[in-house]
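An overview of the molecular structure
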Amino acid sequence: EGEGGAGKSTLCAKIAWDWIKGLNFTEFNLVLLVRLRDSFDLTVGEAVKSYLSDNNSVEAKQLDQYILSNPDKVLIILDGFDEIDGDLTTRREIIQILLMKRFKSSRVIVTSRSWKADLIRQTPELAKAYAFIFVEGFNKENLSIYIKKFYAKDLLSGQALIQFMAD
């Protein structure tokens, strides 16, 4: 959880990128990132299929079936719980996943601002099942350190970006 702009979505993208590149999360055969703002009424398979190119022949039902058949080999990342309407009583698939009633054995990461994460935290059985991690984002000092490391081979560009961010 974290405030707006703290880096929750960036963290999700980094997890997916690291898996794609084989750097981390290699224990999973499939990592699925679902942006809830655009996908709340869809199944996970439908949401992921909507991100794929039209040339990709995988079907939404195949993705959903793979998750059901290999739950311990799938990581589902649900980004933006705070960006959807509704509470934990809706029958939508995304909420059923959050409640651990669908894809029960899959690992699930959920991002949210704190006020909506409280819905999960206030449900005793969910509070026991979820770990709550606060994403703080960058302050000015650690942003400069990060930029300098990122632009280690191009110090002038890094310094220009630090100056731009300071203005």
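Residues numbered from 1 in each chain as written. Predicted model: local features only at pLDDT ≥ 70, side-chain atom pairs only at ≥ 80, totals over all residues. Heavy atoms only, no water.

Quick notes on the nonpolar core
Ranked by internal contacts, the top residues of the largest apolar core, which has 26 residues, are Val44, Leu78, Phe81, Ile95 and Leu98. For this core, the secondary structure elements donating two or more residues are strand E1 (30–35), helix H3 (44–51), helix H4 (60–69), strand E2 (74–79) and helix H5 (93–98). Leave out the neighbours within four places in its chain, and Val44 touches Leu32, Val34, Asp64, Ile67, Ile76, Glu93, Ile94, Ile97 and Phe103. If you look at the next biggest cluster of nonpolar residues, it comprises seven residues, including Ile15, Phe28, Leu33 and Ile77. (Core = buried A, V, L, I, M, F, W, Y, C linked by side-chain atoms within 4.5 Å. Buried < 20%, exposed > 50% of the residue type's maximum accessible area, 1.4 Å probe, protein only. Helix = DSSP H or I, 4+ residues; strand = E, 2+ residues; numbered from the N terminus. Contact = heavy atoms within 4.5 Å.)

Considerations on the pattern of salt bridges
Taken as a whole and judged by the stated rule, the model has eight salt bridges. Where Lys14 meets Asp18, a salt bridge forms, and the shortest distance between an N and an O atom there is 2.7 Å. Of this pair, Lys14 and Asp18 both sit in helix H1 (residues 8–20), four residues apart, roughly one helical turn. Look at Lys14 and you get partly exposed, because its relative accessible area is 45%. Accessibility expressed as a relative area gives 5% for Asp18, which makes it buried. Close ionic contact of Glu83 with Arg37 constitutes a salt bridge, the shortest N to O distance being 2.3 Å. Taken as a pair, Glu83 in the loop between E2 and H5 and Arg37 in helix H2 (residues 36–39) lie far apart in primary sequence, 46 residues in all. Under the relative-accessibility criterion, Glu83 is labelled partly exposed at 34%. Ionic contacts of the salt-bridge type, sharing partners, join the residues Glu1, Asp118 and Arg121 into one network. (Salt bridge = Lys/Arg side-chain N within 4 Å of Asp/Glu carboxyl O.)

What to know about the packing of H3 against H4
Running from N to C, H3 and H4 point in directions that differ by 130°, and their axes come no closer than 7 Å. Overall, the two elements H3 and H4 adopt an arrangement that is oblique. Handedness of the H3/H4 crossing: right-handed. Two secondary-structure elements touch here, H3 through Val44, Gly45, Glu46, Val48 and Lys49 and H4 through Ala60, Leu63, Asp64 and Ile67. (Axes fitted to C-alpha atoms, helices over the stretch in contact; angles between N-to-C directions. Parallel < 35°, antiparallel > 145°, perpendicular 65-115°, else oblique. Left-handed = near helix turned anticlockwise from the far one by under 90°.)

Considerations on the pairing of strand E3 (residues 107–111)
Sheet topology places E2 next to E3; five bridges connect them, and they run parallel. Across the sheet, Leu75 pairs through a bridge with Arg107, a residue of E3. (Pairing = 2+ DSSP bridges.)

Let's talk about the sheet that holds E2
Taken together, the three strands give an open sheet; going across it, the order is E1-E2-E3, and neighbouring strands pair in parallel fashion. Unpaired on one side and paired on the other, E1 and E3 mark the two borders of the sheet. This sheet shows a mean twist of 15° between the axes of neighbouring strands, independent of strand direction. Pairing between E1 and E2: six bridges, direction parallel.

Things to note about the environment of Ala166
Following the sequence through the fold, Ala166 ends up in helix H9 (residues 155–166). Classification of Ala166 as exposed rests on a relative accessible area of 56%.

Examining unusual backbone geometry
Peptide bonds are mostly trans, and most non-glycine residues show a negative phi. Of note in the backbone geometry, Phe25 takes a positive phi value of approximately 60° without being a glycine. One can find Phe25 in the loop between H1 and E1. Residue class for Phe25 comes out partly exposed when judged on its relative accessible area of 26%. The backbone phi angle of Phe103 is positive, close to 50°, even though this residue is not glycine. Looking at the secondary structure, you find Phe103 in the loop between H5 and E3.

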